[in-house]
Amino acid sequence: MRSIDAVMQILERALRGSSADETEALYLGNDTHLTRFANNYIHQNVSETNARLIVRTIVEGKVGSAATNDLSPESVKRTLQTATKAALAQEPSSTFPGLAPSADAAQPDVFDEATAQLSAAERAEAARVLCERASRANFIAAGTYANGQVEVRLANSNGQRVYYKRTEADATAVYQGQTASGYADRRGTRAAQLDVAVMAQEALERAQSAQNPQDIEPGTYEVLLEPYAVHDVANFMATLGFGARAVQEGRSFMAGRLGEAVMSPEISFWDDGTDPSGFAAVFDYEGTPKRRVELVTNGLARGAVYDRTTASADGVESTGHAVPPGTLGGPLPLNLFLAPGQKSREELLAGVERGVLVTRFWYTRTVHPLSVMITGMTRDGTFLIEDGRVSRPVRSLRFTTSYLEALNDVRGVGKDTALGRGSLGATCVPALHLGSFNFTGVTEF
Amino acid sequence: MRRQDLPGNASRVAEEAVALLTAPQCPSGEMTVVLDGSQVALQVHESCGHPVELDRVMGTEAAYAGTSFLTLDKLGSYQYGSEHVSIIADGSMPGGLGTFGYDDEGVPAQRVPIIEHGVLVNYLTDRQSAAHLDQRSNGTGRASSWGRTPLVRMTNLSIVPGTWRFDDLLADTDDGLYMQTNRSWSIDDRRLNFQFGTEIAWEIKGGKLGKMYRNPTYTGITPRFWNGCDAVCNEESYVIWGTPNCGKGQPSQVAHVGHGAAPACFRNVRVGVVR
């Protein structure tokens with residue numbers, strides 16, 4: 001990674017070299033490493049160090065942007081020229097309120113030097129633990145162990161100067177047996193948080209108990225969703241429902257329903273980019289400090305997340321939820337939390353009369369955005385629960401169900417939470433016992 | 001781009017979009033389905049292209065994208081589809097989004113039969129995976145950028161045109177649905193159980209298109225579905241479609257791949273699982 005001074009020089013050079021009315025320079029740096037294993041051996045070990053500069057220029061209300069990962073003075077100059085040329089080709093924006101004003105954003109405690117410096121040998125050791133545990137039990141392990149750091153800096157012509165860096169560590173494992181598989185993952189900002197021995201045991205036990213799955217009839221069942229599956233539910237709520245643009249355009253179930261009950265009283269969602277228990281990011285990609293936003297509180301729709309453009313349209317302030325440049329769809333909650341409840345996993349299980357235990361979902365896609373109607377598969381361990389006990393493993397099931405409807409019939413919320421990664425951000429969620437979930441098909445394994 | 005005739009189609013698509021707002025929900029049941037060429041292209045991509053990637057078959061994508069139901073014991077004998085189903089991978093065909101001179105391991109792009117009259121006859125291979133079969137790579141080792149490792153990727157994976165004119169195919173269909181333009185797609189991690197949604201469907205009654213339906217979906221199990229294929233249209237309605245967002249690998253890689261496809265007819269398809 002470049003030194004702080006070197007990055008600031010690049011950003012300041014970009015601002016000084018611009019002739020636009022307003023200019024923003026965003027630096028996105030990453031230094032990431034990934035060791036991948038399959039068939040109980042490591043088959044891939046890769047590292048990437050990269051840095052991108054994205055400049056946005058505003059000329060007479062016209063907005064243009066350009067990006068480069070060549071950070072030489074000549075390239076920065078060319079990128080500025082490209083952004084300005086792009087701006088001049090536009091019509092003046094009637095919705096863009098200008099760049100973010102100067103404001104402080106405190107650096108959260110989410111950087112760990114040991115995680116940033118974790119070696120290939122240390123990743124290999126983690127892979128060894130995961131592979132050997134599988135191999136000893138005659139299972140086949142496949143997965144990853146990744147670590148790295150991301151650094152984000154933003155400077156603009158309004159005097160805004162903000163910065164954070166964060167480390168990340170991430171381990172996943174699928175254990176495959178003769179007839180079924182199991183899964184476990186762990187992630188956090190510190191590699192020391194990832195206990196791969198515990199994770200290996202979890203994947204193994206899940207895989208062992210999933211063997212010889214049987215058919216059940218598709219239909220409507222209660223479900224006990226492990227946090228791995230709840231991450232998917234939370235991600236769809238975030239991308240389809242909680243962004244201000246989706247609300248403004250009427251694409252969100254929240255549109256016109258603020259203050260109304262949209263989910264069970266057991267459900268509270270909020271976004272908090274300052275909470276170090278998630279993948280904290282204290283300002284957004286426009287340089288606005290992130291605020292905690294209550295999205296749904298005890299089932300009531302409370303609000304949406306905003307960037308500068310959507311905030312201007314509603315006459316409010318940005319909540320600091322602009323997405324990376326080039327990402328379509330408007331602002332998103334990238335640090336989403338679902339409130340834990342009171343129940344242990346055993347208590348959740350005991351509360352299910354006849355239902356399906358889902359380890360995780362796979363290949364989920366939107367069928368209808370307004371109702372958050374989603375289809376997808378269960379994967380890596382699906383089980384029938386009868387009278388509060390797991391009675392037998394079942395083949396992976398296809399579901400086509402409204403996540404929103406499902407969150408209106410919540411029978412129990414777990415007290416423990418797990419951190420998951422979405423396509424852009426992270427979610428921190430508990431297990432959920434839901435009263436109604438529509439399974440529409442079964443596969444052959 | 002010119003062949004797409006966007007200006008010429010704009011009014012029709014706009015009118016259809018408005019009509020869909022009040023169109024009835026697509027009916028449910030088991031029925032005959034005719035898919036337009038663009039949906040056949042995605043069906044080929046998801047239910048044939050991915051499961052014939054040999055690295056998936058050998059397990060190296062198990063942690064993320066998954067494995068494949070097309071295990072090695074099936075090579076050369078497995079009845080993947082009906083006799084009307086022949087699928088070819090061709091990285092050298094002109095005009096495809098998956099066309100190139102050499103792959104990212106330096107192997108020349110080539111034309112390889114994958115499914116011949118319904119039977120699985122080849123996998124997509126790179127240099128490493130081909131060694132499992134004592135074969136040479138058939139030129140599919142592709143990386144998304146300078147910073148990624150080459151993986152087995154589709155090139156242009158195309159269904160071979162059949163003999164039917166599209167109008168004749170419709171005229172020969174007494175009762176069914178015609179589905180156009182993909183909207184959603186999902187398939188399990190061995191590529192067996194799939195569900196697709198399209199933007200629009202039309203009733204076929206007595207060989208003619210009738211009522212418009214909204215929110216059509218269909219679902220199936222890959223080999224049963226392809227074995228239910230009883231007609232593929234001819235070159236008149238054959239287009240090389242593109243899939244610019246094919247995801248695979250860790251770290252993630254996005255590939256551009258092509259699919260030549262024409263409308264095709266499938267029997268006994270489960271339609272309309274959305275309430």
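Asks: Could you give an account of the overall build of chain B, naming the residues involved and the relevant values?
Replies: Broken down by element type, chain B carries six helices and 15 strands. Taken against the 2.2 N^0.38 rule, which gives 19 Å for 275 residues, the C-alpha radius of gyration of chain B at 19 Å falls within 12% of a compact globule. Taken along the three principal axes of its C-alpha coordinates, chain B extends 55 × 40 × 35 Å. Out of the 275 residues belonging to chain B, those deemed buried represent 51%. Contacts in chain B between residues far apart in sequence, at least 24 positions, make up 75% of those at least 6 positions apart.

Asks: Tell me about the domain arrangement of chain A, and please be specific about residues and values.
Replies: Residue and element names in this part refer to chain A. With domains assigned, chain A is organised as domain 1 (4-198) and domain 2 (213-445). Using C-alpha coordinates to define each centre, domain 1 is positioned 24 Å away from domain 2. Taken together, the residues that form the side of domain 1 that touches domain 2 break down as 16 nonpolar, ten polar and six charged.

Asks: Just give me the short version of the interface of chain A and chain B, but keep the residues and values in it.
Replies: On the chain B side, the residues contacting the 35 residues of chain A number 25 residues. Of the residues assigned to the side of chain A that touches chain B, the class counts are twelve nonpolar, 17 polar and six charged.

Asks: Kindly report on the sheet that holds strand β6 (residues 181-188) of chain A, identifying the contributing residues and their values.
Replies: Backbone-to-backbone hydrogen bonds join strands into a sheet, with any given pair of strands oriented parallel or antiparallel. Residues and elements named next belong to chain A. With respect to topology, six strands assemble into an open sheet ordered β3-β2-β1-β4-β5-β6, the strand pairing being antiparallel. Of all the strands in the sheet, just β3 (62-68) and β6 have a single pairing partner and so form its edges. Across this sheet, the average inter-strand angle for adjacent strands is 15°, counted without regard to direction. In this sheet, strand β2 (residues 41-59) lies alongside strand β1 (residues 22-38) in antiparallel orientation, the contact comprising 17 bridges. Bridging across to β2, H33 finds its partner in S47. Contacting β1, β2 and β4 (140-156), helix α1 (residues 4-16) runs over the sheet at an angle of about 145° to β1.

Asks: I'd like a rundown of the nonpolar core, residues and numbers included.
Replies: Soluble globular proteins tend to pack their nonpolar side chains together in the buried interior. Ranked by internal contacts, the top residues of the largest apolar core, which has 197 residues, are A173 and M237 of chain A together with A264 of chain B. Of the residues that make up this core, three or more belong to each of domain 1 (4-198) and domain 2 (213-445) of chain A. Beyond its immediate chain neighbours, meaning those up to four positions away, A264 of chain B contacts L35, V40, C229, A231, V232 and C233 of chain B.

Cut-offs and rules
- Residues numbered from 1 in each chain as written.
- Chains lettered and ligands numbered in written order.
- Predicted model: local features only at pLDDT ≥ 70, side-chain atom pairs only at ≥ 80, totals over all residues.
- Helix = DSSP H or I, 4+ residues; strand = E, 2+ residues; numbered from the N terminus.
- Rg over C-alpha atoms; globule rule 2.2 N^0.38 Å.
- Buried ≥ 20, exposed ≤ 12 C-beta atoms within 10 Å, placed from the backbone.
- Contact = placed C-beta atoms within 7 Å.
- Domains from an automatic or database assignment.
- Nonpolar A, V, L, I, M, F, W, Y, C, P; charged D, E, K, R; others polar.
- Pairing = 2+ DSSP bridges.
- Axes fitted to C-alpha atoms, helices over the stretch in contact; angles between N-to-C directions.
- Core = buried A, V, L, I, M, F, W, Y, C linked by C-beta atoms within 7 Å.

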